[in-house]
Amino acid sequence: MFYSKLRGLAGLGMALGMATSAFAWEEAPMLQELVASGDLPPIEDRMPTTPLELEVVEQPGEFGGTLRRAILGGGDQHNIVRTIGSENLVRWDVNWTEVRPNIAESVDVSEDATSFTFHLRDGMRWSDGAPFTADDIMFWYNDIFLNEKLTPSKHPNYVGPHGPVKVTKLDDTTVEFKFGAPNGLFLQQMAYGFGYYPTVYARHYLEQFHADYNPDVQALVDAEPAAADWVQLFNLKAGPMHTPSFWQNPDRPTLHAWHLTNAYGSSERVVAERNPYYWKVDSAGQQLPYMDRITYDQVEDTETILLKAFNGEIDYMNRHLGRPAYRAVLTDNAERGKYRFFDTNDLPSGTMILMLNLNNEDADKRKVVNDLNFRIGLSHAVNRQEIIDLLYFGSGLPVQTSPRPTSGLYKEEYATQYTAFDPDLANEYLDKVMPERDGEGFRLGPDGERFSLIFMVADVFGLQFPDAMQLVSEYAADVGIDIQVRATDRSRLMDLVRSNEHDAYMWNCAGGQADAYTAPICYMPLPGNTVNWAIRWAEWGVDNTKGEEPPEAVKAVFAAYQDVLTAANPEDQQALMQHVLDLAMPQLFTIGLVQNEPPFGIARNNVRNVPDPLPIAGQLWYPAPYTAQLYFEGGVNLP
């Protein structure tokens, strides 16, 4: 079972954390030089009273060096998030089997799982040396989360069946998160990606951009061409970590192992240097991270990243590279690039999914795509195996969006429903929705005109989405559906999706493993960063006064998932989550095409402490929970 039991977790830090006692801390040579020059306080004045000691994969490492990666221009900020931004109040252990303390030194959970008290590390500091305390979390809660201008829609992690969480400061290092009903998945959610919200807003720095704290904030607005008011200014300077704006403000203090020295998109190389106030150590008392910096060379396409790998210019990477289409050429060039392969357990609910906008602003298109017969017909029209053979060299599974057999929630009937390539059956279903056709054989919509869907597609993840979408368009045409494919970059695509200005797009989705509990974003409409196929229903699901009330069948899924959230033990959670899937899966909200087999990554031969396999799942932002702070150079001499 991939989640912690919540009962009896009082004192979680003592049971599962590895808090260290007094130590003669060791620091990197580059920091020793700054201390010697008087530009940095001694290490004992920079560390919390109880730093977090991390377990290593191979051995304690050596200080120094640069971890080199590459990043695509425009919308690839998760490339940075996944190597640097993995610091939540709690974290998953290396094997992704239990939740452990992280920023919080310990956690107390009430018997009914309604109250979660986080005890912070005394003496912990932001990357600029300012203290990190409960006041920073309260700044997020009172001034950002509860502010309707800054947070008009609340993330579901922080909303229970009786409304938003209530956060209370108990003292300078203690905060309580309290819900009106049991929230048995809260710690698991806080260990995932979007659990980061409470700990990334440094009050001492960001309050200057907030109207409630700075009466002269208009002067800062006037000085920022991209801001029309203080809300836009705040979002530019203090945007969420999964958006580009977070990484475009290098002045923003952080709790991460490295901090940016320049903005993403400002130059050909993004550079992040070690945080001298970082609060984790290894078993030898060495302050992490081992490597001095991480660099991200900004390039325009995946082929350029491949060339960099061949030339030995990539030290560690699986993003964009770890797909079947690249395995052979990477193998051929491994000796030249002096890298090795490692496996990843990246097993989402679907690698390639058709996401029709069920809340389309066009009433005629909405009527058609909300007819289950249409979605079933389109699903039967697609030759999944041919896509796998042509694009992935036969590596992949032709299944619907669904949990994997290892999840404990797998049902073969859901994984295989409507996946048979059968144009005759597709036509049979589609004839129930749009029986009339024009002179070219394309189906007519409710308005009597040719029915056409515009599918937006971005070339992301090394998954050859544009090629796949072109094949889908051809399959659809064979059964009378006019699909127009429009290529764009990821940033533009996400803007259109979040503003509900799209017909459909192709993406992947979490929920293949135990993350189905905490990220069921393809099984029910929930607000997400990249997955939004019914954004108005999702808004309603979080706050019934917003968005658009969904049909009764969708409301039943929402209600069933609330039962999962309020269950206080894993056994009940599993039975209730199965009920959610039993309600959701027959509705075929999204159309899954391919589930990937485990992909891979590459690491230069002299980069050590790289786990193999690397645990990944949905919003478990890899290489978290085992982050790059423990990677080091050593053991192999390279020219």
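Colleague: I would appreciate a short explanation of the overall build of the protein chain in the present structure.
Modeller: If you tally the helices and strands in the protein chain, you get 22 helices and 24 strands. The globule rule puts the C-alpha radius of gyration for 639 residues at 26 Å, and the 25 Å found for the protein chain is close to it. The principal-axis extent of the C-alpha atoms belonging to the protein chain is close to 80 × 60 × 55 Å. Among the 639 residues that make up the protein chain, the fraction classed as buried is 61%. For the protein chain, the proportion of contacts with a sequence separation of at least 24, taken over those separated by at least 6, is 72%. Accessible surface computed for the protein chain: about 22800 Å², of which carbon and sulfur atoms make up 48%. The distance from the centre of the 49 positive side-chain charges to the centre of the 87 negative ones in the protein chain is 1 Å.

Colleague: Teacher, can you tell me more about the state of the cysteines here?
Modeller: Any covalent bond linking the sulfur atoms of two cysteines counts as a disulfide. In this structure the tally under the stated criterion is 1 disulfide. Shown here is the disulfide that connects Cys509 with Cys522, its sulfur atoms set 2.2 Å apart. One quick way to see it: the torsion about the S-S bond of Cys509 and Cys522 is about 110°, and its sign makes the bridge right-handed. Of this pair, Cys509 sits in strand β20 (residues 504-509) while Cys522 sits in the loop between α19 (515-518) and α20 (535-542), and the two are 13 residues apart along the sequence. Exposure remark for Cys509: the relative accessible area of 3% places this residue in the buried category.

Colleague: Is there a simple way to explain the pattern of salt bridges in this structure?
Modeller: Side chains bearing opposite charge may pair, as long as their charged atoms lie close to each other. Enumeration over the complete set of coordinates arrives at 31 salt bridges. With a closest N to O distance of 3.3 Å, Glu539 and Arg536 form a salt bridge. Taken together, the residues span about one helical turn, with Glu539 and Arg536 both in helix α20 at a distance of 3 residues. For Arg536, a relative accessible area of 22% corresponds to the partly exposed category. Taking the shortest distance from any N to any O, the salt bridge between Asp543 and Lys546 comes out at 3.1 Å. We classify Asp543 as partly exposed; its relative accessible area is 26%. Of the residues examined, Lys546 reaches a relative accessible area of 26% and is grouped as partly exposed. Within this structure, Glu55, Arg91, Glu98 and Arg100 form a network of salt bridges that share partners.

Colleague: I would appreciate a short explanation of the pairing of strand β17 (residues 350-356) in the present structure.
Modeller: Regular strands show a simple pattern: their side chains alternate between the two faces of the sheet. The buried fraction of β17 amounts to 7 of the 7 residues, a majority that puts the element mostly inside the structure. Sheet topology note: the β17/β20 ladder contains 5 bridges and is antiparallel. Each residue of the ladder has a partner; that of Met355, found in β20, is Tyr505. Bridge analysis of β17 against strand β21 (residues 591-594) gives 3 bridges, and the strand direction is antiparallel. Among the inter-strand pairings, Ile353 is bridged to a residue of β21, identified as Gly592.

Colleague: Before we go on, may I ask you to explain the sheet that holds strand β16 (residues 339-343) in this structure?
Modeller: Two strands in a sheet stick together by hydrogen bonds in their backbones, pointing the same way (parallel) or opposite ways (antiparallel). Strand order across the open sheet formed by 3 strands is β15-β22-β16, with antiparallel pairing between neighbours. Strand pairing shows two members of the sheet lacking a second neighbour, β15 (316-317) and β16, which therefore form its edges. Where β15 lies against strand β22 (residues 600-604), 2 bridges are found, and the strand directions are antiparallel. Within the sheet, the bridge partner assigned to Met317 lies in β22 and is Ile602. This element, helix α10 (residues 324-332), spans β16 and β22 of the sheet and lies at about 150° to β16.

Colleague: Honestly, the sheet that holds strand β5 (residues 104-109) in this entry has me stumped. Any pointers?
Modeller: Pairing within the open sheet is antiparallel, and its 4 strands lie in the order β5-β6-β10-β9. Single-partner strands in this sheet number two, and they are β5 and β9 (166-171). Within this sheet the neighbouring strands show an average axis-to-axis angle of 20°, counted without direction. Bridging between β9 and strand β10 (residues 174-178) involves 5 bridges; their strand directions are antiparallel.

Colleague: What am I meant to see in the pairing of β22 here?
Modeller: Judged by how many residues are buried, β22 sits mostly within the fold: 5 of 5 residues are covered. With burial as the criterion, each face of β22 is covered, one bearing Phe600, Ile602 and Arg604 and the other bearing Gly601 and Ala603.

Colleague: Hey, could you run me through the packing of α20 against helix α21 (residues 552-566) in this one?
Modeller: A pair of packed helices is characterised by two quantities: the angle between their axes and the separation of those axes. Contact geometry for α20 and α21: axes closest at 11 Å, N-to-C directions at 45°. Taken together, the axes of α20 and α21 are oblique relative to one another. With respect to the hand of their crossing, α20 and α21 are arranged in right-handed fashion. Contact with α20, carried on its side by Trp537, Ala538, Trp540 and Gly541, involves Val554, Lys555 and Phe558 of α21 and no other residues of that element.

Colleague: Explain the packing of aromatic side chains to me, please; I cannot follow it from the model alone.
Modeller: Where two aromatic rings form a pair, the distance of their centres and the angle of their planes describe that pair. Inspection of every chain in the model, using the stated rule, returns 33 aromatic pairs. Taking the centre distance of 6.1 Å and the plane angle of 70° together, the rings of Phe145 and Tyr158 count as edge-to-face. Placement of the pair is Phe145 in helix α4 (residues 134-145) and Tyr158 in the loop between α4 and β7 (159-160), with a sequence separation of 13 residues. The class for Phe145 is buried, based on a relative accessible area of 3%. Judged by its relative accessible area of 1%, Tyr158 falls in the buried class. Both rings, one in Tyr158 and one in Tyr197, keep their centres 6.1 Å apart while their planes meet at 80°; by these two values the pair is edge-to-face. Of this pair, Tyr158 sits in the loop between α4 and β7 while Tyr197 sits in the loop between α5 (186-190) and α6 (203-206), and the two are 39 residues apart along the sequence. The exposure classification of Tyr158 matches that of Tyr197, with both residues buried. Feature note: the residues Phe116, Phe118, Trp140, Tyr141, Phe145, Tyr158, Phe177, Phe179, Phe186, Phe194, Tyr196 and Tyr197 constitute an aromatic cluster, connected by ring pairs.

Colleague: Looking at this structure, how should I read helix α17 (residues 465-478)?
Modeller: In an α-helix, one full turn covers 3.6 residues, which means residues spaced three or four apart are oriented alike. With 14 residues, α17 should cover 20 Å at 1.5 Å per step; its first-to-last C-alpha distance of 20 Å lies within 8% of that length. When α17 is considered as a whole, its buried residues turn out to be Phe465, Ala468, Met469, Leu471, Val472, Ser473, Tyr475 and Ala476. Count one or two residues on from α17 and you reach Gly480, which has phi positive near 90°.

Colleague: How do you make sense of the nonpolar core when you look at a structure like this?
Modeller: If you look at the biggest cluster of nonpolar residues, it comprises 92 residues, and the most contacted ones within it are Phe118, Trp140 and Phe177. By residue number, the principal contributor to this core is α4, which donates 8 residues.

Colleague: How should a negative patch on the surface be read in this particular structure?
Modeller: Residues Glu300, Asp301, Glu303, Asp459 and Asp467 make up a contiguous surface patch of negative charge. Among the secondary structure elements, Asp467 is positioned in helix α17. Residue Asp467 is classed as partly exposed on the basis of its relative accessible area of 44%.

Colleague: Would you mind going over the packing of α21 against helix α22 (residues 570-584) with me for this structure?
Modeller: Packing of α21 against α22 leaves a shortest axis separation of 8 Å and a crossing angle of 170°. Between α21 and α22, the angle is such that the two are roughly antiparallel. Along the contact surface, α21 presents Ala556, Val557, Ala560, Tyr561, Asp563 and Val564, while α22 presents Gln573, Leu576, Met577, His579, Val580, Leu583 and Ala584. Considering only residue class, the contact of α21 with α22 consists of 10 nonpolar, 2 polar and 1 charged.

Conventions we followed
Residues numbered from 1 in each chain as written. Predicted model: local features only at pLDDT ≥ 70, side-chain atom pairs only at ≥ 80, totals over all residues. Heavy atoms only, no water. Helix = DSSP H or I, 4+ residues; strand = E, 2+ residues; numbered from the N terminus. Rg over C-alpha atoms; globule rule 2.2 N^0.38 Å. Buried < 20%, exposed > 50% of the residue type's maximum accessible area, 1.4 Å probe, protein only. Contact = heavy atoms within 4.5 Å. Areas by Shrake-Rupley, 256 points an atom, 1.4 Å probe, with all protein chains shown as cover. Lys, Arg positive; Asp, Glu negative; His and termini not counted. Charge placed at Lys NZ, Arg CZ, Asp CG, Glu CD. Disulfide = S-S within 2.5 Å. Salt bridge = Lys/Arg side-chain N within 4 Å of Asp/Glu carboxyl O. Pairing = 2+ DSSP bridges. Axes fitted to C-alpha atoms, helices over the stretch in contact; angles between N-to-C directions. Parallel < 35°, antiparallel > 145°, perpendicular 65-115°, else oblique. Left-handed = near helix turned anticlockwise from the far one by under 90°. Phe/Tyr/Trp six-rings, centres within 6.5 Å; stacked < 30°, edge-to-face > 60°. Expected span 1.5 Å × (residues − 1). Core = buried A, V, L, I, M, F, W, Y, C linked by side-chain atoms within 4.5 Å. Patch = residues over 30% accessible without salt bridge, like charges linked within 9 Å, V, L, I, M, F, W, Y side chains within 5 Å. Nonpolar A, V, L, I, M, F, W, Y, C, P; charged D, E, K, R; others polar.

So yeah, pure geometry; function would need other evidence.
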